[in-house]
Structure formats: structure tokens, C-alpha cells
Amino acid sequence: MDSVIQIDHLYKTIGGKTILLDVTLEVPRGSLFGLLGPNGAGKSTCLKLITGRMRTSSGNIRVLGFDPWKDRVKMFNEVGYLPQNPSAPVDAKVLNFMKYMARLKGMSKKDAVINSREALAKVGLEKFEGATVGKLSGGEIQRLAFANSLLGDPEVLILDEPTASLDPEGRVYVMDLIQKLSRDKSQTVIVSSHILPEIQRMTNHIAILSEGQVLVAGNMRDLTANIFDNEYEIETSHPQELYDILKGEGYDIELENQTIIIDVGKRIRQIWNDIPKICAENNYELRSFKPVRDALENVFLRYVSNNQRGVGYD
Amino acid sequence: MIDRIKPIISRIKLPNYGRNIPIVAKELYSSTIREKKFYLAALYFMAIPVLMNLIAGFGNVVFRGTGIALFYAQTTTLLYFKIFYISLIGQILLVVLTADQIAGEIEMKTFPLIRSKPIYDSEIVFGKFSGMMMVMVLLDLPAVFITYFYYLIALDAESNAYLSTMDEVVGAIVFLLLLQGVIIALTLLFSSMFNKSLYAILGSLLILFTMSTISGNVLTADPTAKVYYSFEWILDAFLPYIFYHIEPLEDVIIPSLLSFLLTIVSIIVGLLVSATLILRNKEVQ
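Computed from a predicted model, the values in this text were never measured in an experiment. Just so you know, the residues in each chain are numbered from 1, in the order the chain's sequence is written. By the order in which they are written, chains take letters starting at A while ligands take numbers starting at 1. Only residues with pLDDT of at least 70 get local features here, since the model is predicted, and only at 80 or more are side-chain atom pairs given and counted; chain-wide, interface and lining totals rely on the full set of residues.

## Re the domain arrangement of chain A
Filter applied, for reference: Note that the domain bounds reflect an automated or database-derived domain assignment.
Each assigned domain of chain A is listed with its residue range as follows: domain 1 (3–221) and domain 2 (231–291). On a C-alpha basis, the centroid separation for the pair domain 1 of chain A and domain 2 of chain A is 44 Å.

Shown next as C-alpha cells:
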């Protein structure tokens, strides 16, 4: 599979502190790539290196074949970038700012206006066209910067924490938009975030970074395929009765707030047979039966907590 | 025929360099003239010189006519160049207007957005310089022209005096703009060096102060001469050339005008290229 971004044994040291340690990654074309990691893992630094804001200490980066530090200008013809915590000139009018940015992207005056309007409409800011940037809220400025990164339909979109400082509604909106972009225009989108459910919802490829190292990278489906959670939660109409029956069968089980938490251990196949059967026999209504943590959360916790303890996962 | 040529033409790629300079310049111009400190500068560079004309009046003028009108017009213009445009306060205002063009963008975190567009760092620097020069033209021109023509009108100059001396006025203004260009280029260098506009202001003022003091003292033959805190000596040395076509009376060492202009231009270009190099190798956090 051809890849749009190749990172090869990348190291970055800032002020004597090593931020990135031997990072090797490939971002496949057309993928929705999630860069996941706890705060301070080096996600932003990694994206700054990819966008040529910083120089690598050692190692190699290629974005669409260009070296981001040396060929930044050529690279940004095809790349859109949303920095973390973006801001725009406070005195400028929203449309004027977008027009300026579109002109810098190489558009004619007429195209600049059309493209700016389109991009603003995509992020739902079309009614703020004439407003001053200073009057926008934090979330609206985030969306404005997002619209800015969409100008000129770039082949690769690099988004550093795109949902930060957005309200829940804005988050959903932006996440849907990112998915749509990847689906309709087959753009490659790289998203960084520390919020698991968002990454799970948005992306199909992930890399987990922790303390400057890539713990695991790959297709989301492959990564989560063989991960099973031992803890399940069950909601039924008769929790106390079910609890007693399952306790009798010898399961490791707890009852919290009318919800049964069961540690299935190695009896995973058996429990999937048992629970519906018991409920059907006793006429209990089975309302939900699901793992306590979802698959990505499990992957994340396994790798990150193992890494932080300094023990490799086998 | 045309259909056959078209694809060939479309394949020729004109060098894209320089396309962004006017865009950056225009943006700087239109955003600067909306700022509060621009109004302060406009008060100083435009309003006060014009008001001074009205207050000064012509109490002692007995004769009127073209000669005396030209003399007054040119002397006053030269004086205003010294007092307002190249003096210490004039320099400070220029530095304050220019300093946050790059450092301020880094400080306000808007710089990464501009740099995430296909724009060369040199285009940013030269665009900012051109924009500031546009602002300076706006600040300098009206007051200078009003002053000059006010005297011509008030002292009854002949109508052909207006056009025939125009080249001298334009020459003087170009000279003034080049001097201001040096200050702007120097400030842009500091602006790309620091991440805070305050440091850029302090740095460039320090250099300007030192340079003008040293150069003023060295180039004045008399070692006991007063200390210059401005580039007045340059105006003293060259503007009489331009205006009266005569050599100055003061005992000043003068290189030839053309070589001096070339030196100024190369200093400006040198400063801007250094600013570009600094910006090119800067990691914007």
C-alpha cells in the first residue's frame, strides 16, 4: 500500500529533553489516521515536525515525497494544517481573513472568495462571515482555523486536536465532517487526540504514542480483533435474582447500582451461552450485555500502562 | 492552431516566487491602518506638521514671489524631515509600528497559520517590508506635499514653480523613504529574531541609538561637536544637494549621492535577507 507520510527513525530533542524517541510510522493513502496518546506523549511535536515547524534532531520524514523542513512551500500546496490551540488576528473580519489565507494558497481573488465561503459553510460558520474574529468564541475560532485548513481541497489534512475547545455539539459536527471528507474526497486525514472515543469514532488507522515512542500502530480492526475484555456488565429486569443464580454457578461477580459486573475469566464462550438461557428460562428481561471497556480502550490501557511500568507486553 | 498551443502554454510553469509579496503587503497595510497606534503615528507624522504650518505664519515675510516661496517651502520641508521623520520620536514610532509584524504574529500564535500556506519566508519578510513602506508613504506624503505647496500658494509663487520643482520634492521624499526603510528593515530583522514584539522594539532602538550616535560623531569632522541622537547628519549632508543643488555649508564629509543611495538600498536588502535567514531556521513552537 502506498503511503503519504513516511517517518523513519525520528528523534527530536528540545532543550536536552528527548521528546520523540525512534518513531517510525507510515500513514497509508486515503486513511483516517489517529495519533493517540496521553498528554505530553509527543503527538503535537510529531505533527509539528511533519508540518515543518520544527527540524528533526535525526531521522527522516517524507510527506508526499517532500522533506517538510526543506520543501515546506511545495509540501503545503497539497497539505492543510490545523495547529493546536489556533488563533486568528482579532481585528480581522472572518471572511477577509479566509480570503487572505486562500490568496496565500495561490487562488485568484474570485476563487478565494468562493472557496472561503465554501469552507466556512462546511464548518458551519457561514453566518459569521462579516463578524470580527475577536468576537468569536474559542470553539468558533477553532472551527475557523479548521475551515482555513480545508482551503483548496488539500490531499492531506493534518489536524492537531481538532475537537479541543469545542462544545459537545461542535465535536460531533467536526467528527462527522472529518469522516465525510475522508469518505467523499478520499483525502488522507491525520488527527491527534487524547480522547479515545473520538479517535475510535473518527479513524480507521491508529498509532499509540507514549513518552515519545510508538507503542503500536496499524489498522484499527486488526488491533482490536483479538482483544477481549474480561469484565462485562449486564442489565436486566431482575438483577438481584440473576446475581444469585450466577453466583451459584461460581462466577466472579459484583452488583453495583442494579448493574451486574461479571469477570468472565476464561469462560467467555460459556457466559455467552449461559446468560440468555438463564434469562429466557426465568423470564427475565435482558436489557444489555456488553464489555465494560470497549476494544480500543483495552488496547490503549494495555500498551500505555505496560509502557509506563517499563514492562513490555507479550 | 490555438487548441494546439494551449496545452503547451499550460505546461509552461512560471516561477511562483514573489506572487505572495503583494498579498502580504496589502494585508499588512489594511490591517495596520485600522490599529490604534497607527492613529498615534498619523497624529505625529501628518497632523502635527500640518498644524505647525498654520501656527508658524509669515510674521517676518516682507517679500513675496517665487524665489522666497521656494526657499520657505524647501527649508520648512527639510526642517520637518529632521524634526518629525528622522528624529528620535519618529524612529521610535516607526519601530513600534513595525516591531510586531513578525514577532507579534508569533506572539499571537497566528504565524503557524500563515506558514501552513505555500509561502516562502522571504516572501513574508519582503511582503511585510513592502507593506510597511506603503504605510510610510501614506504617513509621509500628505504632510510633505501640504507643507510644500502651502508655502508656494501662500507666498504667491508662479504657477510653473509647482511643476518645475516637483522632481526635487519627489527626490527628497524618496530619500526620506529610503532612510525610513533602513529603520523598518532593521526592526523586521529584530522582529524575526525575537518571539515578543517588546524585545524587538528594545533591540532595534538600542541599535538605532548606538548607530546614530556613533555615525553622527565619527562623520562630523569637529570632535567637540554635539552628540547626534538621530540621522540628521545624513539629511544635512544630502538634502541640500537634492533641493538647492549646492554643497552644504557645514563641515561634513560627504560621499557622492548615488553611491550613498546604493549603500542604503544594499543595507536594506542585506537586513531583509538576514531576517529571512533567521526566520527560515526558526522553530516556531
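More follows now that the structure is in view.
## Quick notes on the packing of helix α5 (residues 88–99) of chain B against helix α10 (residues 166–193) of chain B
Any two packed helices are characterised by the angle at which their axes cross and by the distance between the axes. Residues and elements named next belong to chain B. Let me state the cut-off plainly: Here the axes come from fitting lines to C-alpha atoms, over the contacting stretch only for helices, and the angles between their N-to-C directions go from 0 to 180 degrees. Secondary structure counts use DSSP, requiring at least four H or I residues in a row for a helix and at least two E residues in a row for a strand, with both numbered from the N terminus. Angles below 35 degrees are treated as roughly parallel, those above 145 as roughly antiparallel, those between 65 and 115 as roughly perpendicular, and all remaining angles as oblique. In this scheme, a crossing is called left-handed if the near helix is turned counterclockwise away from the far one by less than a right angle; it is called right-handed if the turn is clockwise. Two residues form a contact once the distance between their C-beta atoms, set from the backbone, is within 7 Å.
Remark: α5 packs on α10, axes separated minimally by 9 Å, with the N-to-C direction vectors making an angle of 45°. It follows from the interaxial angle that α5 and α10 lie oblique. Note on packing geometry: the crossing formed by α5 with α10 is right-handed. Where α5 approaches α10, its residues Gln 91, Leu 94, Val 95, Thr 98 and Ala 99 are matched on the opposing element by Gln 180, Ile 183, Ile 184, Thr 187, Leu 188 and Ser 191.

## So, the confidence of the model for chain B
All names here are of chain B. Short version of the rule: Per-residue confidence from the predictor is reported as pLDDT, a score between 0 and 100.
Of all residues in chain B, 85% have pLDDT values of 70 or greater, and the mean over the chain is 83. The spread of mean pLDDT over the elements of chain B runs between helix α12 (residues 232–244), the lowest at 72, and helix α2 (residues 20–32), the highest at 93. Both confidence scores are given for the complex: pTM 0.85, ipTM 0.83.

## Side note on helix α3 (residues 36–56) of chain B
Residue and element names in this part refer to chain B. Worth spelling out the cut-off: Multiplying 1.5 Å by the residue count of a helix minus one yields the expected span of that helix. Bend, in this description, refers to the angle at a residue between axes fitted to the seven residues ending there and the seven starting there.
In this model, α3 (21 residues) spans 29 Å end to end at C-alpha, consistent with the 30 Å of a helix rising 1.5 Å per residue. When the local axis directions of α3 are compared, the greatest deviation, roughly 35°, occurs at Leu 43. Packed against the buried residues of α3 are α4 (66–85), α5 and α8 (121–154).

## Observations regarding the environment of B:Asp167
Residues and elements named next belong to chain B. Quick reminder of the rule: To assign burial, the other C-beta atoms lying within 10 Å of each residue's own C-beta are counted, with C-beta atoms placed from the backbone; 20 or more indicates buried, 12 or fewer indicates exposed, and intermediate counts indicate partly exposed.
For Asp 167, the location among the structural elements is in helix α10. Taking the C-beta count within 10 Å as the criterion, Asp 167 has 10 such neighbours and is therefore assigned exposed. For Asp 167 and Gly 67, which are 100 residues apart along the polypeptide, the C-alpha to C-alpha distance reads 17 Å.

## Focus on the interface of chain A and chain B
Defined as follows: Asp, Glu, Lys and Arg are counted as charged, while Ala, Val, Leu, Ile, Met, Phe, Trp, Tyr, Cys and Pro are counted as nonpolar; the rest, among them Gly, fall into the polar class.
With 24 residues of chain A in contact, the opposing surface of chain B contributes 18 residues. At the level of secondary structure, the elements contributing two or more residues to the side of chain A that touches chain B comprise α3 (94–104) and α5 (138–150) of chain A. Residue contributions to the side of chain A that touches chain B peak at four residues, all from α3(A). Here the side of chain A that touches chain B is composed, by residue class, of 13 nonpolar, six polar and five charged.

## Things to note about the pairing of strand β13 (residues 286–291) of chain A
Residue and element names in this part refer to chain A. For clarity, the cut-off: In this description, strands pair whenever DSSP reports at least two bridges between them.
Little of β13 is tucked away, with zero of its six residues classed as buried. Pairing analysis gives five bridges linking strand β10 (residues 231–236) to β13, with the strands arranged antiparallel. The residue of β13 that forms the bridge with Tyr 232 is Pro 291.

## Remarks on the sheet that holds strand β3 (residues 32–36) of chain A
Residues and elements named next belong to chain A. Strand order in this open sheet of six strands is β5-β6-β7-β3-β8-β9, and the pairing throughout is mixed. A single partner strand is all that each edge strand has here, and the edge strands are β5 (79–82) and β9 (213–219). With direction set aside, neighbouring strand axes in the sheet form an average angle of 10°. Pairing of β5 with strand β6 (residues 156–160) involves four bridges; the strand directions are parallel. Counted as the bridge partner of Gly 80 is Leu 157 from β6. Sheet strands in contact with helix α6 (residues 168–185) are β3, β6 and β7 (188–193), and its direction is about 155° off that of β7.

## Looking at the sheet that holds strand β4 (residues 58–63) of chain A
Residue and element names in this part refer to chain A. The three strands lie next to each other as β2-β1-β4, forming an open sheet whose pairing is antiparallel. At either margin of the open sheet sits one strand with a lone partner, and together these are β2 (17–28) and β4. Shown here is a sheet whose adjacent strand axes are inclined to one another by a mean of 15°, direction ignored. The pairing of strand β1 (residues 3–14) with β4 spans five bridges and is antiparallel.

## Structural notes on the pairing of β1(A)
Residues and elements named next belong to chain A. Pairing between β1 and β2: eight bridges, direction antiparallel. Looking at β2, one finds that Ile 14 is bridged to Lys 17. The turn linking β1 back onto β2 is made up of two residues, and Gly 15 within it adopts a positive phi angle of 55°.

## Let's talk about the environment of B:Asp3
All names here are of chain B. Note that Asp 3 resides in helix α1 (residues 2–11). Classification of Asp 3 as exposed rests on a count of 6 C-beta atoms within 10 Å. Between the alpha carbons of Asp 3 and Ile 92 there is a distance of 59 Å; along the sequence they are 89 residues apart.

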